[in-house]
Amino acid sequence: MRLDVITIFPDYLAPLDLSLIGKARRDGLIDLHVHDLREHAHDRHRTVDDTPYGGGAGMVMKPEPWGEALDELVGNGAEGQVPHLIIPGPGGIPFTQQTARDLATEPWLAFACGRYEGIDERVYEEAAARMPVSVISLGDYVLNGGEVAVLAMVEAIARLIPGVIGNEQSLVEESHEDGLLEYPVYTKPATWRGREVPEILLSGNHGAIAEWRHEQRLQRTAARRPDLLSD
Ligand code: JF5
């Protein structure tokens, strides 16, 4: 999968060199490029923002650097190919495990990181005229920019690409893969600071263990995420 990230803070994406994602890049499973939006700002101060038409607080990202950055990106791709452009923002559609599964099948994703009060609306419109565009929210809170949201989305997507994670079974046995939260897990020692591991897990009775774990998942989901049980 090819991944491009356009940002005014390329260093924010440095963690993508680490751990499983870094390994996947070195193994050639992920072809990831981070681009500095300011390379497409040509005035003396490499300005990427300006005051909002109509007034109001804060600054808005200017359209011209974005237009040029996206032109370059599309020009870099194979003939006739375009990326699916993802723009993180609190006003987007919710990002879920299903979104990650869907995006993990795409050959080329590009992420546009907004800052300040957001990006001039015409950038979304013009991009949507030539490529699929999705505005996606990680959750109902506000970040300073899209970079941290991109880190989370890229990690959630990339780990679903075959070969990125060694143990494929660990992908199906986890929270959100089947609509329930995960059961509690324990490891050695069997007693720690006076706390015992639930006896059933030491019983060797695999049927009873599976039943207990399912009950734990239901209880935990009801307590923490009742919204997941309503449908
Ligand atoms: C952003 C303008 C983008 O704040 C977010 C965000 C919240 N949930 N998901 C993403 O994105 C950063 C801030 C301001 C555009």
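Before any of the text, the structure's been laid out above.
The sections below set out a description of the structure shown in this document. (Residues numbered from 1 in each chain as written. Predicted model: local features only at pLDDT ≥ 70, side-chain atom pairs only at ≥ 80, totals over all residues. Heavy atoms only, no water.)

1. Some points on the site of the ligand
Okay, so step 1: Around the ligand sit 13 residues, and of these L138, G139, Y141, L143 and G145 come closest.
Okay, so step 2: One of the side-chain N or O atoms of S137 is found 3.4 Å from a nitrogen atom in the ligand.
Okay, so step 3: Note that an oxygen atom of the ligand is positioned 2.8 Å from one of the backbone N or O atoms of L143.
Okay, so step 4: A total of 380 Å² of accessible area belongs to the ligand in isolation, and the protein chains cover 94% of it.
Okay, so step 5: Looking at the shell around the ligand, the element that brings in the most residues is strand 5 (residues 84-94), giving three residues.
Okay, so step 6: A per-class count over the shell around the ligand returns seven nonpolar, six polar and no charged. (Near = heavy atom within 4 Å. Polar contact = N/O pair within 3.5 Å; in protein donor to acceptor, adjacent residues only side chain to side chain. Areas by Shrake-Rupley, 256 points an atom, 1.4 Å probe, with all protein chains shown as cover. Helix = DSSP H or I, 4+ residues; strand = E, 2+ residues; numbered from the N terminus. Nonpolar A, V, L, I, M, F, W, Y, C, P; charged D, E, K, R; others polar.)

2. Concerning the pairing of strand 2 (residues 31-36)
Okay, so step 1: Where strand 1 (residues 2-7) lies against strand 2, six bridges are found, and the strand directions are parallel. By the bridge assignment, R2 is partnered in strand 2 with D31.
Okay, so step 2: For the handedness criterion, the β-α-β arrangement of strand 1, helix 1 (residues 19-26) and strand 2 is classed as right-handed. (Pairing = 2+ DSSP bridges. Right-handed = clockwise from strand over helix to strand, strands pointing away.)

3. Re the sheet that holds strand 7 (residues 133-137)
Okay, so step 1: Spatial ordering of the open sheet is given by 2-1-6-5-7, a layout of five strands whose pairing is parallel. Looking at strand neighbours, the two that pair on one side only are strand 2 and strand 7, the edges of this open sheet. Each strand axis lies, on average, 30° off the axis of its neighbour in the sheet, ignoring direction.
Okay, so step 2: Where strand 1 meets strand 6 (residues 108-112), five bridges bridge the pair, whose relative direction is parallel. By the bridge assignment for strand 6, D4 is matched with A110.
Okay, so step 3: Seen against the sheet, helix 2 (residues 63-76) touches strand 1, strand 2, strand 5 and strand 6 and runs at an angle of roughly 165° to strand 1.
Okay, so step 4: Here helix 4 (residues 121-128) sits on the sheet in contact with strand 5 and strand 7, set at roughly 135° to strand 7. (Axes fitted to C-alpha atoms, helices over the stretch in contact; angles between N-to-C directions. Contact = heavy atoms within 4.5 Å.)

4. Quick word on unusual backbone geometry
Okay, so step 1: For the bond from K188 to P189, the omega torsion is 10°, close enough to zero to count as cis.
Okay, so step 2: Counting through the fold element by element, P189 comes out in the loop between helix 6 (169-172) and strand 8 (191-192).
Okay, so step 3: Even without a glycine there, the phi angle at R46 is positive, about 50°.
Okay, so step 4: Topologically, R46 is positioned in the loop between strand 2 and strand 3 (49-50).

5. What to know about the packing of helix 2 against helix 4
Okay, so step 1: Contact geometry of helix 2 with helix 4 gives a least axis separation of 9 Å together with a crossing angle of 25°. Of the possible angle classes, the one that applies to helix 2 and helix 4 is roughly parallel. Of the two possible hands of crossing, helix 2 and helix 4 adopt the one that is right-handed. Within the contact between the two elements, helix 2 uses P63, W66 and L70 and helix 4 uses R122, V123 and A127.
Okay, so step 2: For the contact of helix 2 with helix 4, a count of residues per class yields five nonpolar, no polar and one charged. (Parallel < 35°, antiparallel > 145°, perpendicular 65-115°, else oblique. Left-handed = near helix turned anticlockwise from the far one by under 90°.)

6. A closer look at the pattern of salt bridges
Okay, so step 1: As enumerated under the stated definition, the model contains twelve salt bridges in all.
Okay, so step 2: Across the pair R130 and D71 runs a salt bridge, and its minimum N-O distance is 2.9 Å. With R130 in the loop between helix 4 and strand 7 and D71 in helix 2, this pair connects stretches of sequence that are 59 residues apart.
Okay, so step 3: A residue is classified by how much of its surface remains accessible, and R130, at 28% relative accessible area, is partly exposed.
Okay, so step 4: For D71, a relative accessible area of 42% gives the class partly exposed.
Okay, so step 5: Each of D71, E126 and R130 takes part in salt bridges that share partners, so that together they form one network. (Salt bridge = Lys/Arg side-chain N within 4 Å of Asp/Glu carboxyl O. Buried < 20%, exposed > 50% of the residue type's maximum accessible area, 1.4 Å probe, protein only.)

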